[in-house]
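Chain by chain, the residues:
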Amino acid sequence: MAKSSPSNSQTVPSSEVESQLSSLVYGTLQQAQAAMENMLKLINEIDQNSAEISENMENCKDSALERKKTLEEETERFQKAAYTVLEMLNNREIR
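From a predicted model like this one, the values you see are computed outputs, not experimental measurements. (Residues numbered from 1 in each chain as written. Predicted model: local features only at pLDDT ≥ 70, side-chain atom pairs only at ≥ 80, totals over all residues. Heavy atoms only, no water.)

**Comments concerning the overall build of the chain**
And then number 1: On a plain count of helices and strands, the chain comes out with two helices and zero strands.
And then number 2: When the 95 residues of the chain are sorted by exposure, 0% land in the buried category.
And then number 3: Accessible surface, the chain: about 9200 Å² in total, of which carbon and sulfur atoms supply 57%. (Helix = DSSP H or I, 4+ residues; strand = E, 2+ residues; numbered from the N terminus. Buried < 20%, exposed > 50% of the residue type's maximum accessible area, 1.4 Å probe, protein only. Areas by Shrake-Rupley, 256 points an atom, 1.4 Å probe, with all protein chains shown as cover.)

**Focus: the confidence of the model for the chain**
It should be kept in mind that the predicted coordinates are not to be read in detail where pLDDT is low.
And then number 1: For the chain, the mean per-residue pLDDT works out to 90, and 89% of the residues sit at or above 70.
And then number 2: A low-confidence stretch, residues 1-6 stays under pLDDT 50, and its non-local contacts, those more than four residues away or across chains, total zero contacts. (pLDDT = per-residue confidence, 0-100. Contact = heavy atoms within 4.5 Å.)

**Digging into a nonpolar patch on the surface**
And then number 1: Together, V12, V17, L21 and L24 make up a nonpolar patch on the protein surface, roughly 340 Å² of accessible area in all.
And then number 2: Along the chain, the position of L21 falls in helix 2 (residues 14-94).
And then number 3: A relative accessible area of 49% means that L21 is categorised as partly exposed. (Patch = residues over 30% accessible without salt bridge, like charges linked within 9 Å, V, L, I, M, F, W, Y side chains within 5 Å. Salt bridge = Lys/Arg side-chain N within 4 Å of Asp/Glu carboxyl O.)

**Remarks on a negative patch on the surface**
And then number 1: There is a patch of like negative charges on the surface, built from E58, D62, E66, E72 and E73.
And then number 2: Counting through the fold element by element, E58 comes out in helix 2. (Lys, Arg positive; Asp, Glu negative; His and termini not counted. Charge placed at Lys NZ, Arg CZ, Asp CG, Glu CD.)

Below you can see the structure in the form of structure tokens.
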């Protein structure tokens, strides 16, 4: 009975090994490229959302400042009215 050596029965031609390695590297590169494209899409989406959020925050800030100004003006008018009423009451009591 002839024995076959393990190295002879498991030998794969180098061209086949190179082909398998090339396929493996190509597949890995394709996956990496797809992952990079997905990350780029996500980055663009984040940038767009960030810009919208910043714009909304600026609009809210402007609105809050305008409301503060209006409230300060109303407070000033009420204070003037209150002082006028107090002055009228004081004048009436003096007479």
